[in-house]
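# Secondary and tertiary structure notes
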Amino acid sequence: MQTLVTGPGPGTGNAQSPSGRLSGAQSTIKIVGNNANAYLDVNANNRADRGGSAVSGGNFTTAGNLTQAPTTTANRAAAVQYLFYLNNVVHDILRSHGFNEAAGNFQTNNFGLGGAGNDPVNAEAQDGSGTDNANFATPADGQRPRMQMYLWTGPGATHEVLVGTYNYGAKGADFGSALTTTGLTNQVVLANDGVGTTSDACEALPATVSGKIVLADRGTCSFKTKAARVWGGMHFRTSSEHGAELGKQVAKWVTKNHFQP
C-alpha cells in the first residue's frame, strides 16, 4: 500500500528543517534539498543521470509498481522519491535528538548555528556500481557524504547444482563466464590446498583439479582469491545455514562416490 504524505516544502519548514526540504529545480529522478540531494545513478559515476521530467510545486506523486521491473521509468522515479523522503525523515529525527549543525550534521545551509555547511547527503538511487548491498560514506564535516543504494537481484536460486540424484538451488558467481541453460557436467572434487582448512581453496590447488568442478568451503579469503585458485572450476553460494548443510551433503556424496579406494 502506498500513501501520499505531506512534508515541509519550499519555504514551509518545520523545527528541524527551517527552510523546508526542497530547494531549486526538481525532476522525477533528481530531487534537491537542504538536507539531501537524491538522484538516479545507474551509470555509477557518482553524478545524477540525465533525463527525467520536471516537477513543479514539490508534488512527487509517481507510484512504485512491485509487479514490474525496478528499471521502469516509474519505478526509478519512485526509488528517488522514497530515498529523498526517508533521508529527510532521518535527518529530522536525528536533529531532534542532538545531531544538529554544531554536531556536524548534513546540511547545505547551517543557518549560523555552527558546524560546516555545504554538506547535504548525496543519495544515489539504484546505483550501478554494485548489487545486493548499500553503503554510506561520511567524511569530515563540510564534505558531502555519499549514500549508495543498490538494486537487489531478488530472492531464491538463479541456478541449480545436480549431484547424483540431488538437486540444489544455487546462486551464480559475480565473476567468470556466465553459465547457460546447457549447464556444465564434470567430475566433482573436494578442494584440498594442503594448508590450514584444506578445503577452502585459499591456497594454490594441485593441477589435478584442472577442468573439474571444485567444491570449496567458504573460508576467510576473498572470492577473487578463491576464484583464482579454482582453475576453471564452478562456484556457487547460498545463505550460511543452507550453504553449510548443502556443503555437508554434497561432500558426503563426493566422498562416497569418488574418494573410496
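Our next topic: the nonpolar core. Among the nonpolar cores identified, the biggest contains 16 residues, and Ile31, Val80, Phe84, Val121 and Ala123 are the most heavily contacted of them. Those elements that place two or more of their residues in this core are β3 (36–40), α1 (73–96) and β5 (121–125). Every residue in contact with Ala123, bar those within four places of it in the chain, is listed here: Asn37, Ala38, Tyr39, Leu83, Asn87 and Met147.

So, about the state of the cysteines. For the coordinates displayed, the defined rule picks out one disulfide. One disulfide bridge connects Cys202 with Cys221, the sulfur atoms lying 2.1 Å from each other. What sets the handedness of the Cys202 and Cys221 disulfide is the S-S torsion sign, and at about -80 degrees it is left-handed. Taken as a pair, Cys202 in the loop between β10 (188–190) and β11 (213–215) and Cys221 in the loop between β11 and α2 (223–229) lie far apart in primary sequence, 19 residues in all. On the basis of relative accessible area, Cys202 is assigned to the buried category, the value being 11%. Judged by relative accessible area, which is 14%, Cys221 ranks as buried.

To continue, consider the packing of aromatic side chains. Under the defined criterion, the tally for this structure stands at two aromatic pairs. Aromatic side chains Phe106 and Phe136 sit 5.9 Å apart centroid to centroid with 75 degrees between the ring planes, which places their arrangement in the edge-to-face category. Of this pair, Phe106 sits in the loop between α1 and β5 while Phe136 sits in strand β6 (residues 134–137), and the two are 30 residues apart along the sequence.

With that settled, the discussion passes to the pairing of β3. Burial within β3 is extensive, with five of its five residues counted as buried. Of the two faces of β3, the one lined by Ala36, Ala38 and Leu40 and the one lined by Asn37 and Tyr39 are each fully buried. Two elements, strand β2 (residues 30–32) and β3, share three bridges in a ladder whose sense is antiparallel. The residue of β3 that forms the bridge with Lys30 is Tyr39. Between the end of β2 and the start of β3, which pair antiparallel, lie three residues. As paired strands, β3 and β5 are joined by five bridges and run parallel to one another. Opposite Leu40, over in β5, you have Ala125 as the bridge partner.

Rules behind the numbers
- Residues numbered from 1 in each chain as written.
- Predicted model: local features only at pLDDT ≥ 70, side-chain atom pairs only at ≥ 80, totals over all residues.
- Heavy atoms only, no water.
- Core = buried A, V, L, I, M, F, W, Y, C linked by side-chain atoms within 4.5 Å.
- Buried < 20%, exposed > 50% of the residue type's maximum accessible area, 1.4 Å probe, protein only.
- Helix = DSSP H or I, 4+ residues; strand = E, 2+ residues; numbered from the N terminus.
- Contact = heavy atoms within 4.5 Å.
- Disulfide = S-S within 2.5 Å.
- Phe/Tyr/Trp six-rings, centres within 6.5 Å; stacked < 30°, edge-to-face > 60°.
- Pairing = 2+ DSSP bridges.

That is the geometry; function is a separate question.
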